[in-house]
Amino acid sequence: MSMSDAVKLMKQAVAKAAAERVKSGMVVGLGTGSTTAFVIQFLGDRLRSRELTDIRGIPTSFQASVLAKKYGIPLVTLDDVEHLDLAIDGADEVDPDKNLIKGGGAAHTREKIVDSLADEFIVVVDSSKLVDRLGSTFPVPIELLPLALSPVTRAVEKMGGQPNLRMGVKKDGPVITDQGNLVLDVTFDEIKDPASLEASLNNIPGVLENGLFVGVADIILVGELDGETPKVREIN
Ligand code: 5RP
């Protein structure tokens, strides 16, 4: 089995396990990324078979919204509901305290709003996302207003980070977020205190949100392979 087939199997297994936790009548935050794309697809299957009824989704991105429409999940906004029962989202890194780095899809601002409002936030990852310390494999994404690019870059460098403006793929120039902003991917030698770094980055004028999610996740579902058989492990 190729590496990409193995990762796909793990993502599908974990996505199915998460989609099975959704109950009829729930308001569900719909995450962004390749793993949550499978979650949205499985939710659509359950709705079509009438095993699940009357759910409403709150998308965390344009991608989630397009997929939800494709698979027949009714959508609402944060103006329409008082709370979310559940949010299901992916992550780029997960540490042993269930803290996360998110934002590989540049959707972390909306993701943090939606995921942190849910009564329960379930993270869906394959086993490659588990790390001992945040920042070891993935930089911290920061969404910022375009006019603040230079001052935010300087401020982040003063904090010891190495910022890189995220560039588009099959699009010349930088990635533009769903909100019309830029993303700096910031590498830190070591993130000793994720909570204080999360707060300090958000204190820089011009920064909207960063991809450190500290103390937000309730349950981590990890897709693993036992030989060629996918398994799902729960961390709570
Ligand atoms: C998007 C995210 C994604 O959840 C994260 O990048 C994981 O994506 P994938 O499931 O494709 O590995 O934070 O902003």
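Refer to the preceding data block for the structure.
Residues numbered from 1 in each chain as written. Predicted model: local features only at pLDDT ≥ 70, side-chain atom pairs only at ≥ 80, totals over all residues. Heavy atoms only, no water.

A. Up close: the nonpolar core. Within the largest apolar cluster, 28 residues are counted, with the highest numbers of intra-cluster contacts made by Val22, Leu30, Leu43 and Ile73. For this core, the elements supplying multiple residues, two or more each, are α1 (3-19), β1 (27-30), α2 (34-48), α3 (62-70), β3 (84-89), β6 (118-126) and β12 (219-226). Leave out the neighbours within four places in its chain, and Leu43 touches Ala19, Val22, Leu30, Leu52 and Ile73. (Core = buried A, V, L, I, M, F, W, Y, C linked by side-chain atoms within 4.5 Å. Buried < 20%, exposed > 50% of the residue type's maximum accessible area, 1.4 Å probe, protein only. Helix = DSSP H or I, 4+ residues; strand = E, 2+ residues; numbered from the N terminus. Contact = heavy atoms within 4.5 Å.)

B. Summary view of the site of the ligand. Near the ligand you find 17 residues, and of these Thr32, Ser34, Thr35, Asp92 and Lys129 are the closest. In the environment of the ligand, an oxygen atom lies 3.2 Å from a nitrogen or oxygen atom belonging to the backbone of Ala107. With respect to the ligand, the side chain of Glu111 contributes an N or O atom lying 3.1 Å from an oxygen atom. Here the shell around the ligand is built from residues that sort into three nonpolar, eight polar and six charged. (Near = heavy atom within 4 Å. Polar contact = N/O pair within 3.5 Å; in protein donor to acceptor, adjacent residues only side chain to side chain. Nonpolar A, V, L, I, M, F, W, Y, C, P; charged D, E, K, R; others polar.)

C. Up close: the sheet that holds strand β13 (residues 229-235). Taken in spatial order, the six strands line up as β2-β1-β3-β6-β12-β13 in an open sheet, and their pairing is mixed. Among the strands making up the open sheet, the edge pair consists of β2 (56-59) and β13. Strand-to-strand twist across the sheet, computed as the mean angle between neighbouring axes with direction ignored, equals 25°. The sheet contact formed by β3 and β6 spans five bridges and is parallel. Residue pairing for β6: Asp89 is matched across the bridge by Val123. (Pairing = 2+ DSSP bridges. Axes fitted to C-alpha atoms, helices over the stretch in contact; angles between N-to-C directions.)

D. Expanded view of the sheet that holds strand β10 (residues 207-210). Reading across from one edge, β8-β9-β7-β10 is the order of the four strands in this open sheet, with antiparallel pairing throughout. Among the strands making up the open sheet, the edge pair consists of β8 (161-165) and β10. Ignoring strand direction, the axes of neighbouring strands in this sheet form an average angle of 30°. Pairing analysis gives three bridges linking strand β7 (residues 140-144) to β10, with the strands arranged antiparallel.

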